[in-house]
Amino acid sequence: MKSLPGSHGLFFIFALCLGLPGVARGAWLTFDHPDGTVVPANTPRVAVVQDQAAVLRLNAKGEVVFARDGSEQVLAAPRAQHGRISLPALQADASGTHVFWRTKLGARIEGLGKPGDKFVYVRSSQDGGKTFGPARQLSSGDGAFEPKAAGNGDGAVYAVWVDERHGPYHVFLNASRDAGRSWQAQDTKLDVLPPGRGGAFDPALLAAGEQVWVAWTQGARAGETAPLSNVEKSKARRAGPAPDGGKNFALVVRRSADRARTWEPPVTAAYLRHQPGSTTLVRAKEKLFLFWYDVDGIQAMTSSDDGRTWMRVENLPVLPDIASLSVAADAHSGGLVLAYTHFPQDSRPALYAMASADGKKFDSPKHLPDKPAHSTTSLFPEIVFGPAGNVLVMWQDSRYIRSTVCARLSEDGGRSWAKTDRCLEEQPGKYPAYFPRGAVDGQGRFHAVWVRYTSDRFQKSQVVQADIDRAVLLKPDSGGKPDRGRLEARAAGFWKTRTAGDWLKSYDYFDPFYRAQVRREAYVGTQGTVKYHDFKIEQVDIAGSVAQVRVHYSMEIPELDLQGKIHNVPKRDEVTVQEWIWIDDDWHLAFKDLMNQTFFRY
């Protein structure tokens, strides 16, 4: 094993529906974050270390930073690492705190590698994150991707990743049995596919006692080189079943009973026609569960003999168009909660939760956002179990047009939920906010982090850390609705600027996403060809934070030069239906181009 000296995609969908005021919190902190596109794998992590919330993030310089108790430590810096750092991971338990990341070399480094080589590193602490040991290279090859980590709470900690050192993907693991003081000198290749004929990817990791399990996806036939691209997936669906019955993928599980010293042969838990997503391993009451989703819906297998044999879990949603899935188990009761986003065609994605006391029979799905199904976009659920059977689900929600972070609490392990959900930003809808992560301490206090942009140009971002007041989550909310009278006044005001030819004032009525991209002068320069006369607002329909306003107006084009020929359009009546959105505590006209497209999606 190599050591280094101690050193240091944006996915957004906008949706409908009015939300609730921000939740009162005990602590509220913000940190810097790299500018530009934010993807889930590079977002901050939160964990509880010695009963205090600790946050791991990349800062604006691209450094790995660990923050706890009002202090920050830079654990990895691009210059000292000789390349670009990404994919931070945090694992913390009673025995130690471990920070993982990946470095992609930017130059040839003697004894290390060439530009483009990728390595997984770790730094560990045994004193609650006060001090960290040196950076250690965990991957023995040069093609590592995102590290995932787990520990048993008694000194055993593991990291697993996909690696392309042999060309095709393979799954590798490294382990420490002394709380991160030392690691294996050589990583372990877990799949048994030949090095030049790989295709193992998407690992999931679980540890308990002396045991550790790793699950991954691979091609069901020898030489398979999955994962498939989106184009390949589409072709496979059109082509129908493969000649061998359509089993294109295999979900494989491998177990060690001695803290990763030795490994039992891999076991195929399931053969699948379609590529699975969100593969998750959980353990509840001595049983293992393997969850995933594909184009046929949510699926799961369970094992009662530590992963040697597997049986299918019934009573799960058999429906297409699942967009995201999260699963968690209560360490005390063994109950399970799963949350998933259903994204049917031509409709907005809606978030549901299901609970089970034994992992066999699940309650019927419950719509988590406190709104009618499909009236708000709800993505990336995060489930956090508390010590007393309570459970919090957070998600990314676009009821305020700009994405925000919302949550809902259950006091009985997910069997029932608080009367209302709550949005967690101080001023929901003021900033676009994404990718919530959560943790809970021994007192049952929930902690959360997420990323938000500070403008509608999506260039500058920051990390938010919040302590969530659990009592407030249970209180009913008295939030109001967007004001109809205000909408009628705003729509009339806009049309008055049109009839007056005051294009400078017309610009102020448009949505902030358009105004963030197009200067006032540029907009004014496109106006003036059409002369507007009188108008009448005929109908107003409000659905959440989006409204349709039907307007009858008269217009003419006195003179228009088209390729040297003068044309005119006599005065005539027209009818238009305009879309208005409630954002920044007011109604704004959604600007649409000639293709009827807005400057944002919602």
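Here, the structure is the one placed above.
Nothing here was measured: the structure is a model prediction, and the numbers come from that model.

**Q** Give me the lowdown on the overall build of the protein chain, citing residues and values where you can.
**A** Of regular secondary structure, the protein chain possesses seven helices and 37 strands. Taken across its 602 residues, the protein chain has 55% of its residues classed as buried. Carbon and sulfur atoms form 49% of the exposed surface of the protein chain, whose accessible area is close to 25,400 Å².

**Q** Hey, could you go over the sheet that holds strand β22 (residues 311–312) for me, with residue numbers and the actual values?
**A** Strands in a sheet are paired, the pairing made by backbone hydrogen bonds, and the direction either parallel or antiparallel. If you trace the four strands from one edge of the open sheet to the other, you get β19-β20-β21-β22, paired in antiparallel fashion. Where the open sheet ends on each side, the last strands, each with one partner, are β19 (277–284) and β22. In this structure, strand β20 (residues 287–294) lies alongside strand β21 (residues 297–303), joined through seven bridges in antiparallel fashion. Considered in β21, the bridge of Trp292 is made with Gln299.

**Q** Just give me the short version of the pattern of salt bridges, but keep the residues and values in it.
**A** Taken as a whole and assessed by the stated rule, the structure comprises 30 salt bridges. Arg399 serves as the salt-bridge partner of Asp397, at 3.0 Å between the closest nitrogen and oxygen. There is no split in this pair, since Asp397 and Arg399 are both buried. As a salt-bridge pair, Arg520 and Asp508 come within 2.8 Å of each other at their nearest N and O atoms.

**Q** Help me get a handle on the nonpolar core, residues and values and all.
**A** Core analysis: the largest hydrophobic core is formed by 24 residues, its most contacted members being Leu487, Phe494, Phe510, Tyr514, Tyr523, Val549 and Trp580. Once residues lying within four places of it in the same chain are set aside, the contact partners of Tyr523 are Arg498, Trp503, Ser506, Tyr507, Phe510, Tyr514, Val518 and Phe591. Listed in part, the 20 residues of the second largest apolar core include Val282, Phe289, Ala300 and Val313.

**Q** With reference to specific residues and values, describe the sheet that holds strand β30 (residues 422–423).
**A** Judged by pairing direction, the sheet is antiparallel, and its four strands sit side by side in the order β27-β28-β29-β30 without closing on themselves. Of all the strands in the sheet, just β27 (378–385) and β30 have a single pairing partner and so form its edges. Across two bridges, strand β29 (residues 402–410) lies against β30 in antiparallel orientation. The partner of Ala407 across the bridge, within β30, is Arg422.

**Q** Give me the lowdown on the state of the cysteines, citing residues and values where you can.
**A** A full pass over the atoms with the stated rule returns one disulfide. Two residues share a disulfide in this structure: Cys406 and Cys423, whose sulfurs sit 2.2 Å from each other. Across the disulfide from Cys406 to Cys423, rotation about the S-S bond amounts to roughly 70°, and the bridge is consequently right-handed. Within this pair, whereas Cys406 is found in strand β29, its partner Cys423 is found in strand β30, the two being separated by 17 residues in sequence. The pair Cys406 / Cys423 is uniform in exposure class, with both members buried.

**Q** So what's going on with unusual backbone geometry? Residues and values would help.
**A** The phi dihedral of Asp69 is positive, around 55°, even though this residue is not glycine. The exposed category is assigned to Asp69, whose relative accessible area is 55%. One non-glycine residue, Ser278, lies in positive phi territory at about 55°. A relative accessible area of 32% means that Ser278 is categorised as partly exposed.

**Q** How would you summarise the pairing of strand β15 (residues 200–208) if you had to cite specific residues and measurements?
**A** In terms of burial, β15 is largely enclosed, as eight of its nine residues are buried. Pairing analysis gives seven bridges linking β15 to strand β16 (residues 211–219), with the strands arranged antiparallel. Bridged to Ala207 within β16 is Val212. In sequence, β15 turns back onto β16 through a hairpin of two residues, with Gly209 there showing a positive phi of about 60°.

**Q** Describe the packing of aromatic side chains, with residues and values.
**A** Per the stated rule, a full pass over the model turns up 32 aromatic pairs. Between the aromatic rings of Tyr434 and Phe435, the centroid separation amounts to 5.9 Å while the plane-to-plane angle is 40°, which identifies the pairing as tilted. Sitting over the ring of Phe145, Lys118 keeps its end group 5.1 Å from the ring centre. The cationic tip of Arg165 hangs over the ring face of Phe172; the distance from NZ or CZ to the ring centre is 3.7 Å.

**Q** Explain helix α4 (residues 484–500) to me, using residue names and the numbers behind them.
**A** In this model, α4 (17 residues) spans 24 Å end to end at C-alpha, consistent with the 24 Å of a helix rising 1.5 Å per residue. Among all positions of α4, only Leu487, Arg490, Ala491, Ala492, Gly493, Phe494, Trp495, Thr497 and Arg498 are buried. Measuring from the side-chain oxygen of the N-cap residue of α4 to the backbone nitrogen of Gly485 gives 3.2 Å; that N-cap residue is Asp483. At the C-terminal side of α4, Gly501 shows a positive phi close to 70°.

Calculation criteria
- Residue positions are counted from 1 within each chain, in the order its sequence is given.
- Where local features are concerned, this predicted model is filtered to residues with pLDDT of at least 70; where side-chain atom pairs are given and counted, the filter is 80 or more; whole-chain, interface and lining totals use all residues.
- Side-chain metrics rest on all non-hydrogen atoms present in the structure, leaving aside hydrogens and water.
- We count a stretch as a helix when DSSP gives it H or I for four or more residues in a row; a strand needs E for two or more, and each element gets its number in order from the N terminus.
- Working definition: with a 1.4 Å probe on protein chains only, accessible area under 20% of the residue-type maximum means buried, over 50% means exposed, and in between means partly exposed.
- Note that accessible areas follow from Shrake-Rupley with a 1.4 Å probe, and for residues the cover is restricted to the protein chains shown.
- Strands are labelled as partners when DSSP assigns at least two bridges between them.
- Definition used for salt bridges: Asp or Glu carboxyl oxygen within 4 Å of a side-chain nitrogen of Lys or Arg.
- Among buried residues, those of type Ala, Val, Leu, Ile, Met, Phe, Trp, Tyr and Cys that are joined through side-chain atoms within 4.5 Å constitute a nonpolar core.
- Whether two residues are in contact is decided by their heavy atoms: any pair within 4.5 Å suffices.
- Throughout, a disulfide means two cysteine sulfur atoms within 2.5 Å of one another.
- Side-chain rings of Phe, Tyr and Trp (the six-membered ring for Trp) are treated as a pair once their centres are within 6.5 Å; stacked means planes under 30 degrees apart, edge-to-face means over 60, and tilted covers the remaining angles.
- The rule is short: NZ of Lys or CZ of Arg within 6 Å of the ring centre and within 35 degrees of the ring normal puts a charge over the ring.
- Working rule for helices: expected span equals 1.5 Å times residues minus one.
- Here a polar contact is taken to be a pair of N or O atoms separated by no more than 3.5 Å, where protein atoms must pair a possible hydrogen donor with a possible acceptor and residues adjacent in sequence count only if both atoms sit in side chains.

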